[in-house]
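Structural features, examined
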Amino acid sequence: MFKGGKNTSNDNFLPQVENYGTLKYPFTLNFYDDPPIFDVTIEDFETSALDRLRILAEIESSAARNRSWEESKSVTSAQCSKYLPLSPTLTKNPNCDAERRRDHLSHFVLRLAFCRSEDLRRRFIKAETTLFRIRYEQDIAAEREAFLNSRDFNWIPVEDDERRMVNLSADRKSEKYYKVKWTRVPDLVEKRKVLLKGGWAYVPSRELSSIVFQEFEVRLEKALETTARLLPRLDEDTRIMPILNNLSQGFMSGISSDWANNSGQTNSDEIKAEQVDDLAKKHFPLCMRTLHSTLQKDHHLKHHGRQQYGLFLKVLGLSVEESVAFWRKSFSSFTDDQFNKKYKYNIRHHYGLEGKRVNYPARSCMQLLIEGASDHGCPYRTYSPENLQSALLSAYAPLGLRQSDLSEVMAAVNTKHFHVACTRVFELTHASSGVTKGQGIGNGESVTHPNEYAAKSMDLQKTSEAMVVDYRCLSCLDACVIPPSALMSRRKPSTKAPDMDELKAEALHQYQDTDGHFSLVRNFRLADLVTIMNGVCGSFSIFSSARYLLTNDPDYLWTAMVFPLAGLMFDFLDGKVARWRKSSSMLGQELDSLADLISFGVAPALLAFVVGLRTYLDTVILTGFICCGLARLARFNATVALIPKNNGGKAKYFEGLPIPSSLGLVAVLSYWAKQGWIEGQQGLPWGTTTLWGIEGGRGEVHLVSFVFAFWAAAMVSKTLRVPKP
């Protein structure tokens, strides 16, 4: 497709590139029937495709953000003017042919990148068809008509006799009609905008564009399938394949224009090491906030995490000296000598002061989203839905993010528009600075680089602070001539970040949107009902234990021991149902903890009391066992977002022994019951001991109770980390 040149010169002249042909582009619109056969450099090959991909990614972003057609057209037109302009022929622009040549080349390069899977082809066709439609509507009428006349669309003009025969509308006598096979205009048939008769669709001239768009889409789909069959021939080309692999990631992360290769400071004000913590809480995207939180918690980051976060801070404005100071303070568990030997060299290497002395750029969203990246990638892709929602609320609730806002964010995540989800979080958390829905980081653009997010956030804060200063100056001047009541009317209502009580109320309101009786129950998700079944099993176990105490019927004892096991089954099942239905909620997480407390905390403790742990100290220890389980579940809900995650977004380990592990104690009690080693039969193993007072008094305790005490301590342990399967 792209031909190299031949050296036709002698030794006394520089090599010349022979051009095998030059295409002429008479129209702005193009069906891209013929591939480019001119010579092109690798740089032009890549840059032209990147510019077009920026436009297509923004088109898909507009669809994911539910923009209206006019808004999408406005944003796309601005992107086209910026990255891939096309001048009408009538303007007689000397660069007209060069612009259309570049458009032609970029389209075919992206064909190579997006032909390799059904999903990529589908998304590419949809975005390209939308771009063609926008250009079609904005093209000059005369040029559009000339383009249509230059092609054969196989539509047949309807003569007057045929019009009368099929009884076309008489109120539009001046309007022309064309007939085509009805299968070519399914959208018009669906909207009942055409007359159907004998397998033909009679299309008014005002709707001919639908045929043009359908023809463009069908031809592009066939061309992509052909390209996919021929693509393996390029597998050995080490120059082109890496470019195509990177381009194919563009729909997930977008393409950044100003940040992709930025390796220098982008913030006009230099950042100090002591400012980083405050900036992270106010301005950093979730990927960098997660790294910062992990660093503050563990006082260490793995190599890829240090590289990603260090380059981010460098581009944000942290000098090499301040960077060394920041990392030294963060790595507080190391001595100065250990830090200098292990980490200082790498920090200076990032700034181009050691090794190859390359000034490395910060990583873009595309790099963070590449399949097989390290654990320090994009949380919107790597976290599970439950962990992502918890992390978002934990990080951005003080900046105005509410539980009710998460539905929009998760909708973008579920469709794999991760940069759109990040952009929506930016809009929500900067609403107090005047950022509205659809505005993005400016001019409707999406976030495509972590530094882009942070820099824009910091710029908005500076603008707000400048406006406050200007307002104060204006107030001082106006106070001399304007009545206080008029001055008060100018003030805007202050915005206040919601506190935790408001967030909890917001989390409950999502279940109260429906009026009427039992609206809370009717709005439960399927996963919530499965979780409640866990609590039901625990409750039945408790009542069965009580019936055994009243009747001494062993059937009730065995029933009480079986129900916690059934509760464990529902505890495993509710998470799978939530992921299957792609629906989760904060209320569901709370339900899960409460059900676990009943089935794996209260029920096992009561079983222990039933089989014989009935002394005063026994009941004190069993009460402590229940309270430690309660504290362990509360800590899990509060800190789950801070625990390191694997590539699947799940926590790598449990902090402390998980409360369902108490079923191990239930299994031991079951074995003792089978052997008759319970109260009323042979008695508990190991007997009792008296810690103080007389035998049989309050100081008596079963030695078995200390097993429950040890289990309780293990559940609330901070240092015990149980690997998660």
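Residues numbered from 1 in each chain as written. Predicted model: local features only at pLDDT ≥ 70, side-chain atom pairs only at ≥ 80, totals over all residues. Heavy atoms only, no water.

1. Let's talk about the overall build of the protein chain
Summing up its helical and strand segments, the protein chain has 30 helices and eight strands in all. The burial tally for the protein chain puts 47% of its 725 residues in the buried class. Taking the contacts inside the protein chain whose residues are at least 6 apart along the sequence as the reference set, 71% of them involve residues at least 24 apart. As presented, the protein chain carries roughly 37,300 Å² of accessible surface, and 56% of it is formed by carbon and sulfur atoms. (Helix = DSSP H or I, 4+ residues; strand = E, 2+ residues; numbered from the N terminus. Buried < 20%, exposed > 50% of the residue type's maximum accessible area, 1.4 Å probe, protein only. Contact = heavy atoms within 4.5 Å. Areas by Shrake-Rupley, 256 points an atom, 1.4 Å probe, with all protein chains shown as cover.)

2. Observations regarding the sheet that holds strand S3 (residues 195-197)
On the basis of which strands lie adjacent, the open sheet formed by four strands has the order S1-S2-S4-S3 and antiparallel pairing. The sheet is open, and its two borders are formed by strand S1 (156-157) and S3, each paired with just one other strand. Inspection of the sheet shows strand S2 (residues 177-181) paired to strand S4 (residues 200-204) by five bridges, in the antiparallel sense. Within the sheet, the bridge partner assigned to Lys181 lies in S4 and is Trp200. (Pairing = 2+ DSSP bridges.)

3. Considering the state of the cysteines
Disulfides are covalent bonds that connect the sulfur atoms of two cysteines. For the structure shown, the criterion picks out zero disulfides. Not part of a disulfide, Cys422 finds its nearest cysteine sulfur in Cys365, a span of 6.2 Å. Judged by its relative accessible area of 9%, Cys422 is buried. (Disulfide = S-S within 2.5 Å.)

4. Considering the pattern of salt bridges
For the structure on display, the rule yields 30 salt bridges. The closest approach of N and O atoms between Glu128 and Arg52, which form a salt bridge, is 2.7 Å. Linking Glu128 in helix H4 (residues 118-138) with Arg52 in helix H1 (residues 42-64), this pair joins segments that are 76 residues apart in sequence. The exposure class assigned to Glu128 is buried, which follows from its relative accessible area of 1%. Here Asp119 makes a salt bridge to Arg122, at a shortest N to O gap of 2.4 Å. Taken together, the residues Asp119 and Arg122, both in helix H4 and three residues apart, mark about one turn of the helix. Among the residues examined, Asp119 registers a relative accessible area of 34% and is labelled partly exposed. Salt bridges here are not isolated pairs; linked through shared partners, they connect Asp33, Arg151, Arg184, Glu215 and Arg219. (Salt bridge = Lys/Arg side-chain N within 4 Å of Asp/Glu carboxyl O.)

5. With respect to the packing of helix H18 (residues 385-396) against helix H19 (residues 406-414)
For any two helices packed against each other, the geometry is given by the interaxial angle and the distance between the axes. At a minimum axis separation of 11 Å, H18 and H19 run at an interaxial angle of 135°. By the angle between their axes, H18 is oblique relative to H19. Between H18 and H19 lies a crossing of right-handed hand. On the side of H18, the interface is formed by Pro385, Leu388, Gln389, Leu392 and Leu393, while H19 contributes Leu406, Val409, Met410 and Val413. (Axes fitted to C-alpha atoms, helices over the stretch in contact; angles between N-to-C directions. Parallel < 35°, antiparallel > 145°, perpendicular 65-115°, else oblique. Left-handed = near helix turned anticlockwise from the far one by under 90°.)

6. Comments concerning the packing of aromatic side chains
Tallying each qualifying case throughout the model produces 29 aromatic pairs. Plain terms: the ring middles of Trp672 and Trp686 are 6.4 Å apart, the flat faces sit at 80° to each other, and that makes the pair edge-to-face. Taken together, the positions of Trp672 in helix H29 (residues 663-675) and Trp686 in the loop between H29 and strand S6 (688-690) put the pair 14 residues apart, joining distant regions of the chain. By relative accessible area, Trp672 is classed as buried at 9%. Residue class for Trp686 comes out exposed when judged on its relative accessible area of 59%. (Phe/Tyr/Trp six-rings, centres within 6.5 Å; stacked < 30°, edge-to-face > 60°.)

7. So, the pairing of S2
Side-chain positions along a regular strand alternate between the two faces of the sheet. Taking burial as the measure, the five residues of S2 include four buried ones, the bulk of the element. Note that S1 and S2 share two bridges and pair antiparallel. Across the sheet, residue Pro157 finds its bridge partner in S2, namely Tyr178.

8. Brief notes about the side chain of Glu655
Mapped onto the fold, Glu655 is located in strand S5 (residues 653-655). With residues up to four places along the chain from it excluded, the contact list for Glu655 reads Lys297, Arg632, Arg635, Thr639, Met715, Ser717, Lys718 and Leu720.

9. Brief notes about a nonpolar patch on the surface
Together, Trp686, Leu691, Trp692, Leu703, Phe706 and Val707 make up an exposed nonpolar region whose accessible area comes to about 620 Å². The topology assignment puts Phe706 in helix H30 (residues 705-715). (Patch = residues over 30% accessible without salt bridge, like charges linked within 9 Å, V, L, I, M, F, W, Y side chains within 5 Å.)

10. A word on the environment of Ala595
Relative to the helices and strands, Ala595 is located in helix H27 (residues 586-611). The sequence separation of Ala595 and Thr531 amounts to 64 residues, and the corresponding C-alpha distance is 6.9 Å. In contact with Ala595, not counting residues within four places along its chain, are Thr531, Asn534 and Gly535.

11. Looking at the packing of helix H13 (residues 303-316) against helix H15 (residues 336-350)
Axis separation between H13 and H15 bottoms out at 10 Å; the angle between their running directions is 50°. It follows that H13 is oblique to H15 by the angle criterion. In the crossing of H13 with H15, the sense of the turn from one axis to the other is right-handed. From H13, Arg306, Gln307, Leu311 and Lys314 reach across to H15, where they touch Tyr343, Asn346 and His350. Here the contact of H13 with H15 is built from residues that sort into two nonpolar, three polar and two charged. (Nonpolar A, V, L, I, M, F, W, Y, C, P; charged D, E, K, R; others polar.)

12. Side note on the nonpolar core
With 53 residues, the main nonpolar core has Leu110, Phe132, Trp155, Val203, Val212, Leu244 and Leu247 as its most contacted residues. Within the second largest apolar cluster, 35 residues are counted, among which are Phe625, Leu657, Leu669 and Phe708. (Core = buried A, V, L, I, M, F, W, Y, C linked by side-chain atoms within 4.5 Å.)

13. Things to note about the environment of Thr689
The topology assignment puts Thr689 in strand S6. The partly exposed category is assigned to Thr689, whose relative accessible area is 28%. Setting aside chain neighbours within four positions, we find Thr689 in contact with Gly699, Glu700, Val701 and Leu703.

14. Remarks on the pairing of S4
Most of S4 is tucked away: four of the five residues are buried. Sheet topology note: the S3/S4 ladder contains three bridges and is antiparallel. Looking at the pairing, Lys197 lines up with Trp200 of S4. Connecting the antiparallel pair S3 and S4 is a turn made up of two residues, with Gly198 showing a positive phi of about 60°.

15. Comments concerning unusual backbone geometry
Of note, the phi angle at Arg357 is positive, near 55°, even though the residue is not glycine. Looking at the element boundaries, Arg357 is found in the loop between H15 and helix H16 (365-369).

16. Observations concerning H15
The terminal C-alpha atoms of H15 lie 20 Å apart, and with 15 residues this matches the ideal 21 Å at 1.5 Å per residue to within 8%. At Tyr343, H15 is bent by approximately 45°, the largest bend along its length. Residues of H15 that are buried: Phe339, Tyr343, Ile347, His349 and His350. Buried residues belonging to H15 abut H13 and helix H14 (320-330). Gly352 sits one or two residues past H15 and shows a positive phi near 75°. (Expected span 1.5 Å × (residues − 1). Bend = angle between axes of the 7 residues up to and from the residue.)

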